[in-house]
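The primary structure of each chain is shown beneath.
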Amino acid sequence: MFEAAKKEYDQAINRNATLGELANQKTSSTGWRPSRALSAVVILGAAAIAVALLIILS
């Protein structure tokens, strides 16, 4: 069970990295906004960690 939760957690981290890269690519034409991309990565990271903790603790 613990291995499955760790695998799920690792997959969530990889998804966050991919989504972070996509967020950096899809900025507006006025220029790159690091604050918007950073906040998206932080929010998605927090959601992934919450899901992983729920899986581990249940």
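Nothing here was measured: the structure is a model prediction, and the numbers come from that model.

**Q** Looking at this model, I keep getting lost on the environment of Asn16. Mind explaining?
**A** For Asn16, the position within the fold is in helix H1 (residues 2-25). C-alpha separation for the pair Asn16 and Val42, spaced 26 residues apart in sequence, amounts to 9.0 Å. The contact partners of Asn16, leaving out residues within four places of it in the chain, are Leu44, Gly45 and Ala48. At 3.2 Å, the side chain of Asn16 and the backbone oxygen of Leu44 are in polar contact.

**Q** Could you clarify how one ought to interpret the environment of Ala23 in this entry?
**A** Looking at where Ala23 falls in the secondary structure, it is placed in helix H1. For the pair Ala23 and Ala37, spaced 14 residues apart in sequence, the C-alpha to C-alpha distance is 5.6 Å.

**Q** Explain the pattern of salt bridges to me, please; I cannot follow it from the model alone.
**A** Within the structure shown, the criterion is met by one salt bridge. The partner of Asp10 in a salt bridge is Lys6, and the shortest N-O contact between them spans 3.2 Å. Within this pair, Asp10 and its partner Lys6 are both found in helix H1, separated by four residues, close to a single helical turn. Given a relative accessible area of 31%, Asp10 falls into the partly exposed group.

**Q** What am I meant to see in H1 here?
**A** The α-helix advances 3.6 residues per turn, and as a result positions three or four apart in sequence lie on the same side. An ideal rise of 1.5 Å per residue puts 34 Å on 24 residues; H1 measures up with 35 Å between its terminal C-alpha atoms. The set of residues buried in H1 consists of Ala5, Ala12, Asn16 and Gly20. Those residues of H1 that are buried are in contact with helix H2 (34-57).

**Q** Sorry, what's going on with the packing of H1 against H2 here?
**A** Between two packed helices, both the angle of their axes relative to each other and the distance between the axes serve to describe the pair. Between H1 and H2, the least distance of the axes is 9 Å, while the angle of their chain directions is 170°. When the axes of H1 and H2 are compared, the pair comes out roughly antiparallel. When H1 is examined against H2, the residues Phe2, Ala5, Glu8, Tyr9, Ala12, Asn16, Leu19, Gly20 and Asn24 are found in contact with a partner set consisting of Ala37, Val41, Leu44, Gly45, Ala48, Ile49, Ala52, Ile55 and Ile56. Of the residues in the contact of H1 with H2, the class split is 13 nonpolar, four polar and one charged.

Reading the values: rules and limits
- Residues numbered from 1 in each chain as written.
- Predicted model: local features only at pLDDT ≥ 70, side-chain atom pairs only at ≥ 80, totals over all residues.
- Heavy atoms only, no water.
- Helix = DSSP H or I, 4+ residues; strand = E, 2+ residues; numbered from the N terminus.
- Contact = heavy atoms within 4.5 Å.
- Polar contact = N/O pair within 3.5 Å; in protein donor to acceptor, adjacent residues only side chain to side chain.
- Salt bridge = Lys/Arg side-chain N within 4 Å of Asp/Glu carboxyl O.
- Buried < 20%, exposed > 50% of the residue type's maximum accessible area, 1.4 Å probe, protein only.
- Expected span 1.5 Å × (residues − 1).
- Axes fitted to C-alpha atoms, helices over the stretch in contact; angles between N-to-C directions.
- Parallel < 35°, antiparallel > 145°, perpendicular 65-115°, else oblique.
- Nonpolar A, V, L, I, M, F, W, Y, C, P; charged D, E, K, R; others polar.

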